[in-house]
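Listed below, chain by chain, are the residues.
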Amino acid sequence: MSNKSLKILFVSAEASPFAKTGGLADVAGSLPKALIELGHDVRVVMPKYKLIKANFEYVTDFPVKIDNLVETCVIRKTELPYTINNKKKKQIFYFTDSFRYFDRDGIYGHSDDADRFIFFCKAILEMLPLINFKPDIIHCNDWHTGPLCLLLKEQYSFIEFYSNISTIYTIHNLEYQGNFPSDVVRLLNRGYDVFNAEKAEFYGMFSFMKTGLVYSDIISTVSAVYAREIQTPQCGERLEGLLAKRTGDLYGILNGISYEEFNPETDKTIARNFGVESFEDKKENKYALQKEEGLPVSDVPVIGLISRLSGQKGLNLIIEKIDDILRKDLQFVLLGAGDDYYQDQFRRIAAQYPGKIAIHIGFNAHLAQQIYAGCDMFLMPSRFEPCGLGQIISLRYGTIPVVRATGGLAETITDYDLDPGKGNGFSFNNFSSDEMLDAIERALQVYSDKPDEWNELIVRALKTDFSWNVSAKKYEELYYHAARMHGRAVDAINDQPKKRIAE
Ligand code: ADP
């Protein structure tokens, strides 16, 4: 079994380079490629949002029933060219296209999101025989894909074509659960039999996230630390009990990033390419960023932050200490989109501190690369962080992370002061603005007083390997395991913990 080439369908509501709001898109854009390198047939499916302008090849169309509506789904396809290990390859992406559900602005946040993503889940299952692709594994990601696990287990698996398909459900962020009023059950067109506490019901709501957790053969999340944290009331978002029951089927596998896409030696979007041998050229990116941002061009340390502006990201700690931070001899560049509250706060701060801080509200992939390359430090004081990609991308660009030690941040960043031999950043434990400020001050001190040590930190960061090399093999192992475990899902909730194979 374990040498068999698998057919894997990777299901995601967003994927780079087509649509992105956060780390899920990075993973959906890069993990499948790493799995293809291991010899598997991996295809990605996502909705065809209006913002995806390309006119992809028509594959097929069919009706999908959503409550009393019958809507046409058009399946489109593209073969995206890419280079990996200096080889030119192509990757298959399918798109579910629907005039009613996806031909509109934005990705999430519509009042009919439940309808849209149940349509997505149903369309994917209906599509498979028509495109003649019978996956061994369907890899679902986050709440948008939970009902697919339910429909497969409760309905489609009784049909021969689907009977051997296993599911993995990956939690990228447990906070976003897709909980909707109970009448959403109607959209499944299968009665209320699944609406009970053992299955899809969650405090009186229909929970997309819970359907994924209950009905998938295997659950994974994006770091081993977060896998443990979500089994506790502090991080479990009221699902800790269910997750603890399924602990034997719950794995933590750290995200990687594409070392082709994020490569300071070849990145065309940055002012000056650099690598381990030429790390001093990184400075040119700092000067270019300062110029671009209207900040005085100088050697003062520049702290960067690129983030969704949400409560999760610990932005309140920064707002609390902004006067202390900006009183120091440094500059700050922030790029983010999200909650109005944070947008307003940072706009106010920008007006108050011209020449010290540059703020960009919005999503800008191009500027993000310039910030990763141009800054000296990257700040992530997250309240919780399932994996976090910002710190990983920063390391790739020799930018030293200052983070709160939680979830994937705790797993990837070792505090330099605690372990100068291995340290690759600065971290603090408690969610406290004083501790954050202390970590920033410690980083600034090494930057200013010990330039040789700082340079060593840059080189260490540039040499770190957080590509998919290790983690893709762990997913592969999990897929084989899922195939063996197939069919357990709901019943597994009552089973004893099983031997762990990957963490
Ligand atoms: P999350 O998935 O919680 O948003 P991650 O750190 O896992 O956080 O991933 C965030 C990804 O989104 C990174 O690739 C980051 O560079 C990118 N990103 C976040 N906000 C922006 C933005 N405003 N503009 C460009 N890229 C962004």
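A quick note: this is a predicted structure, and the numbers were derived from the prediction, not measured.

A. Spatial organisation of the domain arrangement of the protein chain. Entries for the protein chain in the domain assignment read domain 1 (7–257 + 490–502) and domain 2 (276–463). Between domain 1 and domain 2, the contact holds 19 residues from the first and 17 residues from the second. Summed over both partners, the interface of domain 1 with domain 2 buries about 1500 Å², with 65% contributed by carbon and sulfur atoms. Where domain 1 touches domain 2, the interface holds 1 salt bridge. Two residues, Arg383 and Glu175, come together in a salt bridge whose shortest N-O distance is 3.4 Å. Summed over the shared surface of domain 1 and domain 2, the number is 9 residue pairs in polar contact (both at pLDDT 80 or more). At the level of elements, helix 1 (23–37) and helix 6 (224–229) are the ones that each hand at least two residues to the side of domain 1 that touches domain 2. By residue number, the principal contributor to the side of domain 1 that touches domain 2 is helix 6, which donates 4 residues. Looking at the side of domain 1 that touches domain 2 residue by residue, the classes come out as 7 nonpolar, 7 polar and 5 charged.

B. Molecular detail of the environment of Phe279. With respect to the helices and strands, the residue Phe279 is situated in the loop between strand 12 (250–252) and helix 8 (282–293). Each C-alpha atom of the pair Phe279 and Phe158 lies 58 Å from the other, and the pair is 121 residues apart in sequence. Apart from residues no more than four positions distant in its own chain, Phe279 is found in contact with Phe274, Asn455, Ile458, Val459 and Leu462.

C. Quick peek at the confidence of the model for the protein chain. Per-residue pLDDT for the protein chain has a mean of 95; in total, 96% of the residues score no lower than 70. Segment residues 492–503 is flagged for pLDDT under 50; beyond a separation of four residues in sequence, or across chains, it makes 29 contacts in the model.

D. Fine view of unusual backbone geometry. For the bond from Ser16 to Pro17, the omega torsion is 5°, close enough to zero to count as cis. By secondary structure assignment, the location of Pro17 is in the loop between strand 1 (7–11) and helix 1. Backbone geometry places Asp67, a non-glycine residue, at a positive phi of 55°. Among the secondary structure elements, Asp67 is positioned in the loop between strand 3 (57–66) and strand 4 (69–84). Taking relative accessible area as the criterion, Asp67 reaches 16% and is therefore assigned buried.

E. View of the sheet that holds strand 12. Sheet architecture is open: 9 strands sit in the order 3-4-5-2-1-6-7-11-12, paired in mixed fashion. A single partner strand is all that each edge strand has here, and the edge strands are strand 3 and strand 12. For this sheet the average axis-to-axis angle between neighbouring strands, irrespective of direction, equals 25°. For strand 6 (residues 137–141) and strand 7 (residues 166–171), the ladder comprises 5 bridges, and the chain directions are parallel. Bridge assignment links Asn141 to a residue of strand 7, and that residue is Thr170.

F. Region of the structure containing the site of the ligand. Neighbouring the ligand are 22 residues, the closest being Gly23, Asp26, Arg308, Gly362 and Tyr372. Here Gly362 contributes a backbone N or O atom positioned 2.8 Å from a nitrogen atom of the ligand. Between an oxygen atom of the ligand and a main-chain N or O atom of Gly390, the distance comes to 3.3 Å. In the complex, 91% of the free accessible area of the ligand, which totals 570 Å², lies under the protein chains. A breakdown of the residues in the shell around the ligand according to their chemical character gives 9 nonpolar, 8 polar and 5 charged. Counting only domains with at least three residues in the shell around the ligand, you end up with domain 1 (7–257 + 490–502) and domain 2 (276–463).

G. Structural view of the pattern of salt bridges. Under the defined criterion, the tally for this structure stands at 27 salt bridges. Between Arg104 and Asp112 there is a salt bridge, and its shortest N-O distance comes to 2.7 Å. Of the residues examined, Arg104 reaches a relative accessible area of 19% and is grouped as buried.

H. Structural context of helix 10 (residues 340–352). For helix 10, with 13 residues, the first-to-last C-alpha span of 18 Å sits near the 18 Å given by 1.5 Å per residue. All of the buried residues in helix 10 are Tyr342, Gln343, Gln345, Phe346 and Ile349. Angular distribution of buried residues about the axis of helix 10 spans 165°; they occupy a single face of the element. Facing away from the buried surface of helix 10 by more than 90 degrees, the exposed residues are Asp340 and Ala351. As for helix 10, its buried residues are in contact with strand 13 (302–309), helix 9 (315–326), strand 14 (331–338) and strand 15 (357–361).

I. Molecular detail of the packing of aromatic side chains. With the rule as written, the count across this model stands at 28 aromatic pairs. With centroids separated by 6.3 Å and ring planes inclined at 55°, the aromatic side chains of Phe102 and Phe119 adopt a geometry described as tilted. Separated by 17 residues along the polypeptide, Phe102 in helix 2 (residues 99–102) and Phe119 in helix 3 (residues 113–130) bring together distant segments of the chain. The burial state of Phe102 is the same as that of Phe119; both residues are buried. When the ring of Phe117 is compared with that of Trp143, the centres are 5.6 Å apart and the planes differ by 75°; the resulting orientation is edge-to-face. Taken together, the residues span a long stretch of sequence, with Phe117 in helix 3 and Trp143 in the loop between strand 6 and helix 4 (146–154) at a distance of 26 residues. Trp143 matches Phe117 in its accessibility class, with the two residues each being buried. Taken together, the ring pairs in this structure connect Tyr49, Tyr101, Phe102, Tyr108, Phe117, Phe119, Phe120, Trp143, Phe180, Phe206 and Phe208 into an aromatic cluster.

Thresholds applied
Residues numbered from 1 in each chain as written. Predicted model: local features only at pLDDT ≥ 70, side-chain atom pairs only at ≥ 80, totals over all residues. Heavy atoms only, no water. Domains from an automatic or database assignment. Contact = heavy atoms within 4.5 Å. Buried area = accessible area lost by both parts, 1.4 Å probe. Salt bridge = Lys/Arg side-chain N within 4 Å of Asp/Glu carboxyl O. Polar contact = N/O pair within 3.5 Å; in protein donor to acceptor, adjacent residues only side chain to side chain. Helix = DSSP H or I, 4+ residues; strand = E, 2+ residues; numbered from the N terminus. Nonpolar A, V, L, I, M, F, W, Y, C, P; charged D, E, K, R; others polar. pLDDT = per-residue confidence, 0-100. Buried < 20%, exposed > 50% of the residue type's maximum accessible area, 1.4 Å probe, protein only. Pairing = 2+ DSSP bridges. Axes fitted to C-alpha atoms, helices over the stretch in contact; angles between N-to-C directions. Near = heavy atom within 4 Å. Areas by Shrake-Rupley, 256 points an atom, 1.4 Å probe, with all protein chains shown as cover. Expected span 1.5 Å × (residues − 1). Arc of directions from axis to C-beta. Phe/Tyr/Trp six-rings, centres within 6.5 Å; stacked < 30°, edge-to-face > 60°.

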